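Breakdown of the fold
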Amino acid sequence: MSDQTAQKRIAEFVKAHGKPDTAVKAVVEPIGRAGARIVLVGADGAMGDVMTKDVESATAAVEAAAGVEQAEWDRETTAAAKIGPAHRRKMAKMQS
C-alpha cells in the first residue's frame with residue numbers, strides 16, 4: 001500500500017471513529033517481510049488496521065495523521081479497544 005493510501009485510510013478511520021477531545025491510538029507492529037501493520041483504536045473502541053511496506057512508512061503515516069497518537073499495547077490502549085461478539089467468534093474459529 002502506498003504512503004498516501006495509508007494516510008487516507010487512517011484519516012477515514014479518524015473521521016468515523018475519532019472524537020475532537022480524544023485521539024485515535026495507533027500501534028505500529030512489524031510483520032516481517034510483509035511490512036508493518038498499524039492497528040487503530042478509535043475513541044469509540046472500534047478497531048481497524050492499515051498495512052504498509054515497512055515500519056518506517058507506518059510510523060511516518062501515523063505522525064502525519066491529525067487526531068492520532070502513537071501508542072503501545074499498554075493498559076490504556078488495551079482497555080480502549082472494544083471487541084465485539086462477532087470478532088471473538090472469528091478469532092475462536094482461527095484457533096481451532
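To keep things clear, this report deals only with the structure shown in the data block. The shown structure was predicted, so the numbers you read here are calculated from the model rather than taken from an experiment.

1. With respect to the sheet that holds strand E3 (residues 47-52)
With mixed pairing, four strands are arranged side by side in an open sheet as E3-E2-E1-E4. A strand with exactly one partner marks an edge of an open sheet, and here the two such strands are E3 and strand E4 (68-70). For this sheet the average axis-to-axis angle between neighbouring strands, irrespective of direction, equals 30°. Pairing between strand E1 (residues 24-30) and E4: three bridges, direction parallel. Of the residues in E4, the one forming a bridge with Ala-26 is Gln-70. Across the face of the sheet, helix H1 (residues 3-17) comes into contact with E1, strand E2 (36-41), E3 and E4 while running at roughly 170° to E3. Packed on one face of the sheet, helix H2 (residues 55-64) meets E1, E2, E3 and E4 and runs near 170° to E1.

2. Quick word on the nonpolar core
One recurring pattern in soluble globular proteins: nonpolar side chains tend to sit buried together. Counting residues in each nonpolar core, the largest one holds 17 residues, and the members touching the most others are Ile-10, Ile-38, Leu-40 and Val-68. Counting only elements with at least two residues in this core, the list comes to H1, E1, E2 and H2. A per-element tally of this core places H1 first, with four residues. With residues near it in sequence (within four places) discarded, Ile-10 still touches Ile-38, Leu-40, Val-50, Ala-61, Val-62, Ala-65 and Val-68.

3. Some points on the packing of H1 against H2
Between two packed helices, the angle of one axis relative to the other and the distance separating the axes together describe the packing. Packing of H1 against H2 brings their axes to within 9 Å, and their N-to-C directions diverge by 45°. Classed by the angle they form, the pair H1 and H2 counts as oblique. Seen from above, H1 lies across H2 with right-handed handedness. Here Asp-3, Ala-6, Gln-7 and Ile-10 of H1 come into contact with H2, specifically with Ser-57, Ala-60, Ala-61, Val-62 and Ala-64. Looking at the contact of H1 with H2 residue by residue, the classes come out as six nonpolar, two polar and one charged.

Rules used in this analysis
- Residues numbered from 1 in each chain as written.
- Predicted model: local features only at pLDDT ≥ 70, side-chain atom pairs only at ≥ 80, totals over all residues.
- Heavy atoms only, no water.
- Pairing = 2+ DSSP bridges.
- Helix = DSSP H or I, 4+ residues; strand = E, 2+ residues; numbered from the N terminus.
- Axes fitted to C-alpha atoms, helices over the stretch in contact; angles between N-to-C directions.
- Contact = heavy atoms within 4.5 Å.
- Core = buried A, V, L, I, M, F, W, Y, C linked by side-chain atoms within 4.5 Å.
- Buried < 20%, exposed > 50% of the residue type's maximum accessible area, 1.4 Å probe, protein only.
- Parallel < 35°, antiparallel > 145°, perpendicular 65-115°, else oblique.
- Left-handed = near helix turned anticlockwise from the far one by under 90°.
- Nonpolar A, V, L, I, M, F, W, Y, C, P; charged D, E, K, R; others polar.

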